[in-house]
Amino acid sequence: MASGALPGRIGAVSRLDPQPHERIDRSKPVSFTFEGKAVDGFEGDTIGSALYASGRRVFSRSFKYHRPRGLQCCSGHCANCQMTVDGIPNVRVCTTPLRSGAAVKGQNYVGSLERDLMQATDKLGGPFTPPGFYYKTFIRPRKLWPLYEKILRNAAGLGKLDPAGARTERVDGEYRHADVLVLGGGQAGLDAAIEAAAGGESVVVIDEGPEVGGGLLADRAGVTTARALADKARAAGVELIAPAIAIGLFEQGFVPVAVGNLLLKFRAERVIVAAGIVEQPLVFPGNDLIGVMLPDGVRRLINYWSIKPGERAVVITADERGLKAAEDLEAAGVEIAKVIDLREAEPPNIEARGRRGRVTEIHVNGQSTKCDLVVMSGSPQPNYKLLAQAGARVAYDSARGIFVPTDLPENVEAVGAVTGDVGTPAVPSPVLGYKGDKCFVCFCEDQTTKDLKYAIREGFDSIELSKRYTTVTMGPCQGRLCHVNSIRVYAKATKLDENTIGTTTARPPYTPISMGLLAGNPQEPKKRTSLHHLHKDLGGRMMWTGQWRRPHSYGDDPGAEAQHVHKALGLIDVSTLGKILVKGPDAGAFLDRVYPNRFSDLKVGRTRYGVLTGDAGRIMDDGVVARIDDDTFYVSATSTGADGVYQWFTWWNAVWFMDVQFANLTGALAAINVAGPNARAAMERVSGDDFSAEGFAYLDAKHVTVAGVPMLALRIGFVGELGYELHFPSPLAEHVWDTIIAEGADLDPKPFGLEPQRILRLEKGHVIIGQDTDSESNLLEAAMPWLVKNDKEFDWVGKWATQQVDDRGLNWLLVGFESPTGAMPVEGGQVVVDGKSSGRVTSVRQSDELGKVIGLAILPTALAVDGGRFDVQVNGKPTPMTVRLGAFYDPAGEKVKS
Amino acid sequence: MKDIFLKKQILKRPDELKRHYDVVIIGGGSHGLATAYYLATHHGITNVAILEKSYIGSGAAGRNTTIIRANYRTPEGAAFYKQSVELYERLSGELDFNLMFSQHGHFTLAHSDRSLVVQQERAEVNKLLGIDSYVIDAKEVKKLCPQINISTDVTWPIQGALYHPPGGIIRHDAVVWGFAKQVTRAGIEIHQNVEVTGFDISNGRVHGVKTTKGDVSCGVVLSATAGWSSIVAKMAGVPLPIIGSILQAFVTEPVKPFLDKIIVSAQMHIYCSQTDRGEFLIGAEVEPYPTYSNKGTFPFVEYACRHVLELFPQLHATKILRHWTGLCDMSPDYSPIMGLTELDGFLVDCGWGTYGFKAAPIVGVTLAELIAKGKTPALIEPFKLDRFYTDTLVSEAAAAAVSH
């Protein structure tokens, strides 16, 4: 018994004497639980190695037949050792470092892991569950399908999610750059890195192993070489990052890399892929039994964690790798009962048999050999996945039995074994046990050669169809261990060569990556105006309007808030409006092109309403445009449209090259609308400027100083009362607001929110783009023909399309309506004609001022006559409404002009 | 082992192309196959060839996120998709192939009051057509889908949702194979790995199709080629108002049943369901630029993960297994383009953008009727190509963009 073992626990029973490069620290035992029972390992163990050392072999159960699963590759490539760790399902324990107190559980069993009740599917299910059996069963009676489905769903899936799970781990991201990024830190990768560094390039090496060295590390002598090479690379200035996973190889040298909870987003001038090889299993009956392992998996157990993998081993190999494993096994005191070198003779008839899922003997041509460990080594395949994802072709080299990447994308190179330089010659196509039962091709999905041949007989005779029908390669190993073997089985069964069969498309990610890491930090920025906290202090009920947070209202009665604006004085924060400065000698001419109406003739100091359309004449956004001076316009846009309008302007000017510049000032400036009969008096209290009806007329724009702050004031009337919209730097917003309130206290100033504003604008019949219009609305059918000026010297964007609408005639019209019965339709309520949908209500509110239910609706033109009747579905019943053209409140505009 | 299920081959490769077919359907996806199926079963037309340049279901039919629903916004769209859902409900039995149609309900989340209005409008349209669809508040969302996070301490708090109980997911490949199986049995030929290279056109009429495996003459050609439809139509000299963009999706590793609802958020640009195999299937909005490249982009994955975890933080350690793209043929009004074109005998079925799969059976029924009778069925009258000349578009953007 090795030192460090704890008496009474099975912590270290199968540890060997200290190995030259072992990773465990025997002075530091680590305790954790497995299926609720205490287990010990050492620091430096992975969960998988600690469990194996403690004598545990069965870690989980397989997807379909619930066959026992345990360690196979010890490299994170296969998915046989997936377990639930601390409530997180599908963790590959062979590469997961052991943590003290970790709660480790098996997956996909009913009852106990050792005696899974569902393993009956393995004994009995075979004949009933060929590939795609679920497509042929449970069809009738249809009403029973939900029940069947429930059973199927419960049988599928691996680990269980914690329903109370939450994001607890902090993740971070970092943008990085390198001249050369080397993916794979084996001999070839490190050599290439050192060479590049010598040439003066900045070089980073990524490796998925616990340290760089790749294939060298499997070998005792190789470890020394690897560490010397790593030192040399570091000395040359190469940055080595391990363990780290290149998630994918995207265009223009973009490589996201996962390093624990850190996501590095690399851009590299050159990417060198040195990803080495993936060891391949052999296909024979019983090849998925516990104890049947890949050669480097066995060597890692011995050399990394000083574990004796078994007592008596059989080695079946198509290449040199199996023999190397045999050497290490012998050195570790494992008896080598038999070595079958597939290169020496015709592939024999091999079958592994076992008890309770563990291998107990190997039958070779009928002759039995007792064993508890089988090393299987098919010819290794270049690990070309990243290259194929990036767009390289993959061609089959029949002489060597490997798939080789060709036609590499730009600025991507490949070195070492991934290029097909896999070392010693192997048997090209080691498909064994082709005729036997339970020869597993795909361990993740429990698919056998028989299943694949069955699919072919059913007509799923191409690899892409087969993949989808049998689900081979679709499991968590992403085809690493089954892709090539499935192609071989197909080639053999269809008598076509592997190149004709082809490969399935390689997809990112390189290895399964947690969504939490990719998501980054949990929250996205939310937008708040500079008056946000003031609104909260005033009791504002904040609501989400897109990314913005805005006060809905400041109490329970938005109607009363609206009434207060009619009667006295209201302030609303409209800082969310888009604010774009358009400046340059061509500014006016530019706006003439993007807007249907004319702005070049707008007088300095005046404003004009504008609606933007796309080139298909569809309404995009609206706002007020003010002319500041000859060359400068101040354009406002809707709260959600600001970025889109700015983009739209710059996009068009990239075509027109006009002498005009744009600045998006949306966040930089705050805006407050001061409205109501007392608005003028309020402004006169806080400003020395002329706010008189003559000096500051309706639709004027003026530079004024309010509360000591120089600002732009627009006299506009969205809410239908005398009002001034003040635009000024955001940091001064609270000061300006507070000053107006304080100085005008006797004028009864009150804040009003978005909801009262909606009532007020509806009383005026003002539209809200996106609510009263949709993505197909045009100016004519939205009842804004007065905006269309087709006599401009340059065709405005959308002119042609709007003319087409004019030519065809209007099908719809946006109109106002009131509800004579007082019945309140919902917004979106359907206008019905003969029981059929024929138009809709776009806005509706109760107006206290008018004592009526009023709204806007899109009606067939025939119905859109003032005073006309139409029906809207209200609570499922057609309910009469009356058309009202023009504003409901102050139709002559006397209030706004007062 | 006795083959208790292996009674007949499901798919069969026909011999060489014949010299003449009454109907040639380009594209072996769900639409082409469905049309062939209804040509045979409703109209007895079986001298039909389906030409597929790759393998059946290799395009959008095998890349979509398998959501079936009828809760569209326009009366035209909703009436059309309603029939599609009803056909899908019967289809497993009809095709004798279990399509695993799992109808556990579809939620279109609203994160603002504006969005709630849009959902309300859809509900009103739907109700009038007898579609089971209504607006619920955040608490009801939580009641029906207890796994979801309705906290207000997130960027996009849930304000409510349009709930559509018959909405569901289906096994998309099974739809392709089920149709293919019955089409094959009806004697219709499915030619895979045959690419169309041109058309035989004279006097304003198409007379035949040129392919990589030889030329064939035919009475009618239907192009049901989704992402490639404008390329195929261009060969026939028919311009289409189509822009190709990619749409991306990914699946995670399988876990035990966690979510049986379909959750869609237009504002967060994601949709999420869990397949019968246990994988989460998550997709997003089309990429904002036109392309024929089928390469995925990484920012999409980051963005989709961030948003899914706002709704389901429990998935934080769930791992992405496979990420892919599909090519979408976007029409200007987010509604399909179906039927006759200016070239006699050349019919199109395109503009399906991100929502074609859910319409497969009704597309098949209506196009088969059009081919057999020569007259456009009323149900697809609004979707004529002609509408772009008469400007009578069907505005489906509000319910089609990211509302899978």
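First things first, this report covers the structure right here in the doc. These figures come from a predicted structure and were not determined experimentally.

**A closer look at the interface of chain B and chain A**
Inference 1: Contacts between chain B and chain A engage 73 residues on the former and 82 residues on the latter.
Inference 2: Residue assignment for the side of chain B that touches chain A shows that the elements contributing at least two residues are helix H2 (75–95), helix H3 (113–128), helix H5 (172–185), helix H7 (298–311), strand S16 (319–330) and helix H10 (397–400) of chain B.
Inference 3: For the side of chain B that touches chain A, the element with the most residues is H3(B), which contributes eight residues.

**Some words on the pairing of strand S17 (residues 335–341) of chain A**
Residues and elements named next belong to chain A.
Inference 1: Sheet analysis places strand S16 (residues 312–317) next to S17, joined by six bridges and oriented parallel. The residue bridging Ile316 from the neighbouring strand is Ile340, located in S17.
Inference 2: Each parallel crossover has a hand, and for S16 linked through helix H8 (residues 320–331) to S17 it is right-handed.

**Here we look at helix H18 (residues 642–656) of chain A**
All names here are of chain A.
Inference 1: With 15 residues, H18 extends 21 Å between its outermost C-alpha atoms, agreeing within 8% with the 21 Å of an ideal straight helix rising 1.5 Å per residue.
Inference 2: Where H18 is concerned, the buried positions are Ala642, Val645, Tyr646, Trp648, Phe649 and Asn653. The buried residues of H18 occupy one face: seen down the axis, they fall within an arc of 160°. Opposite the buried face of H18, by more than 90 degrees, sit the exposed residues Gln647, Trp651, Ala654 and Val655.
Inference 3: Contacts from the buried residues of H18 go to strand S31 (578–583), helix H17 (587–594), strand S32 (607–613), strand S33 (619–629), strand S34 (632–637) and strand S35 (661–664).

**As for the packing of helix H10 (residues 449–457) of chain A against helix H12 (residues 483–494) of chain A**
Residues and elements named next belong to chain A.
Inference 1: As a packed pair, H10 and H12 sit with axes 10 Å apart at the nearest point and diverge in direction by 50°. Taken together, the axis directions place H10 and H12 in an arrangement best described as oblique. Here the hand of the crossing between H10 and H12 comes out right-handed. From H10, Thr449, Leu452, Lys453 and Ile456 reach across to H12, where they touch Ser486, Val489, Tyr490, Ala493 and Thr494.

**Details of the pairing of strand S9 (residues 196–202) of chain B**
Regular strands show a simple pattern: their side chains alternate between the two faces of the sheet.
All names here are of chain B.
Inference 1: The pairing of S9 with strand S10 (residues 205–211) spans six bridges and is classified as antiparallel. When the sheet's bridge partners are listed, Asp200 is paired in S10 with Gly208.
Inference 2: Linking S9 to S10, which pair antiparallel, is a turn of two residues; within it Asn203 sits at a positive phi near 50°.

Rules behind the numbers
Residues numbered from 1 in each chain as written. Chains lettered and ligands numbered in written order. Predicted model: local features only at pLDDT ≥ 70, side-chain atom pairs only at ≥ 80, totals over all residues. Contact = placed C-beta atoms within 7 Å. Helix = DSSP H or I, 4+ residues; strand = E, 2+ residues; numbered from the N terminus. Pairing = 2+ DSSP bridges. Right-handed = clockwise from strand over helix to strand, strands pointing away. Expected span 1.5 Å × (residues − 1). Buried ≥ 20, exposed ≤ 12 C-beta atoms within 10 Å, placed from the backbone. Arc of directions from axis to C-beta. Axes fitted to C-alpha atoms, helices over the stretch in contact; angles between N-to-C directions. Parallel < 35°, antiparallel > 145°, perpendicular 65-115°, else oblique. Left-handed = near helix turned anticlockwise from the far one by under 90°.

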